[in-house]
Amino acid sequence: SLQNDSVVAGGGAIEMELSKFLRDYSRTIPGKQQLLIGAYAKALEIIPRQLCDNAGFDATNILNKLRAKHAQVRPGLLG
């Protein structure tokens with residue numbers, strides 16, 4: 001049974017941060033390269049999605065929480 005669905009560092013956090021960085025970067029370049037980088041960014045999110053599925057969590061809900069956390073700029077962090 002699920003007791004806690006809080007987001008924990010690790011468990012796909014690095015892949016989500018890389019995905020965010022690559023998506024942001026892809027918006028700055030034109031052409032097919034933009035699509036390729038965007039596709040790679042999307043592919044990185046498969047790792048945390050699979051971890052959520054394996055743990056029995058709602059992957060869509062958790063990934064949305066992760067995206068929101070990674071979108072916040074916090075003092076002292078590179079983000």
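Residues numbered from 1 in each chain as written. Predicted model: local features only at pLDDT ≥ 70, side-chain atom pairs only at ≥ 80, totals over all residues. Heavy atoms only, no water.

- Within an unreviewed UniProt entry, the label attached to the protein reads TCPH protein, and the organism entered is Agelaius phoeniceus.

### Re the side chain of Ser19
- Among the secondary structure elements, Ser19 is positioned in helix α1 (residues 13-26).
- Here Glu45 takes part through its side chain, which lies 3.0 Å from a polar atom of the side chain of Ser19.
- With residues near it in sequence (within four places) discarded, Ser19 still touches Ala41, Lys42, Leu44 and Glu45. (Helix = DSSP H or I, 4+ residues; strand = E, 2+ residues; numbered from the N terminus. Polar contact = N/O pair within 3.5 Å; in protein donor to acceptor, adjacent residues only side chain to side chain. Contact = heavy atoms within 4.5 Å.)

### Things to note about the confidence of the model for the protein
- Confidence in the prediction of the protein, expressed as mean pLDDT, is 83, and 80% of residues score 70 or more.
- Across the protein, the element-wise mean pLDDT spans from 85 in helix α4 (residues 59-71) up to 94 in helix α2 (residues 32-44). (pLDDT = per-residue confidence, 0-100.)

### What to know about the packing of α2 against helix α3 (residues 46-55)
- Between α2 and α3, whose axes approach to 4 Å, the crossing angle comes to 20°. By the criterion of interaxial angle, the relationship of α2 to α3 is roughly parallel. Across the interface between the two elements, Lys42, Ala43 and Leu44 of α2 pack against Ile46, Ile47 and Pro48 of α3.
- Across the contact of α2 with α3, the residue classes tally to five nonpolar, no polar and one charged. (Axes fitted to C-alpha atoms, helices over the stretch in contact; angles between N-to-C directions. Parallel < 35°, antiparallel > 145°, perpendicular 65-115°, else oblique. Nonpolar A, V, L, I, M, F, W, Y, C, P; charged D, E, K, R; others polar.)

### Looking at the environment of Arg27
- Secondary-structure assignment places Arg27 in the loop between α1 and α2.
- Measuring from C-alpha to C-alpha, the distance between Arg27 and Gly38 comes to 8.5 Å, with 11 residues separating the pair along the chain.

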